[in-house]
Amino acid sequence: MAYLDEISQVWHLVRESFRPELSDVITDLWMGGLEVVDFQGSTVTMKAESEVKIRVVTSKYKADIERRFSEMLGFDVTLTLVCTEPTVIPPDEPSILQR
């Protein structure tokens, strides 16, 4: 899947473009670890390791990430974020096997 490597390279440029405005610490905290996992049509799907990161990136940076991807690729891009964090069933909830 060479196209994912190419989109990942674009993501690297997008992420680096935030450093002058934010800081290395903020850029690494919220955008570090985001990884391109799919590119279909004009939608870039990226995975994050936590729901917290997804919430913050979505509320604070998603529109700007989409804009920067769009500027670099030459067409409108939509960003979708998915979580790699395992879903944990709270101890007081019965598991599927117990239902």
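The structure we're discussing is the one just above.
Please read all numbers here as calculations on a predicted model, not as lab measurements.

Trainee: Is there a simple way to think about the pattern of salt bridges in this case?
Mentor: This structure, assessed with the given rule, holds 11 salt bridges. The closest approach of N and O atoms between Arg67 and Asp64, which form a salt bridge, is 2.4 Å. With Arg67 and Asp64 both in helix H3 (residues 51-73), this residue pair falls 3 residues apart, about one helical turn. Under the relative-accessibility criterion, Asp64 is labelled partly exposed at 21%. Arg68 is paired through a salt bridge with Asp64; the nearest N and O atoms lie 2.8 Å apart. Placement of the pair is Arg68 and Asp64 together in helix H3, with a separation of 4 residues, close to one helical turn. Here Arg68 falls in the buried class, since its relative accessible area comes to 6%. When salt bridges that share partners are traced, they join Arg15, Glu16, Arg19, Asp24 and Asp28 into one network.

Trainee: Sorry, what's going on with the packing of aromatic side chains here?
Mentor: Here the distance between the centres and the angle between the planes together describe a pair of aromatic rings. Tallying each qualifying case throughout the model produces 2 aromatic pairs. Centre to centre, the rings of Phe18 and Tyr61 are 6.3 Å apart; their planes meet at 85°, and the pair counts as edge-to-face. Of this pair, Phe18 sits in the loop between helix H1 (2-17) and helix H2 (24-31) while Tyr61 sits in helix H3, and the two are 43 residues apart along the sequence. The burial state of Phe18 is the same as that of Tyr61; both residues are buried. In this structure, Arg68 is placed above the aromatic ring of Phe18, and the distance from its NZ or CZ to the ring centre is 3.8 Å.

Trainee: Looking at this structure, I do not really get the packing of H1 against H3. What am I missing?
Mentor: Two measures define how a pair of helices packs: the angle their axes make with one another and the distance between the axes. Remark: H1 packs on H3, axes separated minimally by 10 Å, with the N-to-C direction vectors making an angle of 125°. By the angle class used here, H1 and H3 are oblique. Handedness of the crossing formed by H1 with H3: right-handed. Of the residues in H3, those touching H1 at Ile7, Val10, Trp11, Leu13, Val14 and Ser17 are Ile65, Arg68, Phe69, Met72 and Leu73. Each residue belonging to the contact of H1 with H3 can be placed in one class, and the counts come to 9 nonpolar, 1 polar and 1 charged.

Rules of the game
Residues numbered from 1 in each chain as written. Predicted model: local features only at pLDDT ≥ 70, side-chain atom pairs only at ≥ 80, totals over all residues. Heavy atoms only, no water. Salt bridge = Lys/Arg side-chain N within 4 Å of Asp/Glu carboxyl O. Helix = DSSP H or I, 4+ residues; strand = E, 2+ residues; numbered from the N terminus. Buried < 20%, exposed > 50% of the residue type's maximum accessible area, 1.4 Å probe, protein only. Phe/Tyr/Trp six-rings, centres within 6.5 Å; stacked < 30°, edge-to-face > 60°. Lys NZ or Arg CZ within 6 Å of the ring centre and 35° of its normal. Axes fitted to C-alpha atoms, helices over the stretch in contact; angles between N-to-C directions. Parallel < 35°, antiparallel > 145°, perpendicular 65-115°, else oblique. Left-handed = near helix turned anticlockwise from the far one by under 90°. Contact = heavy atoms within 4.5 Å. Nonpolar A, V, L, I, M, F, W, Y, C, P; charged D, E, K, R; others polar.

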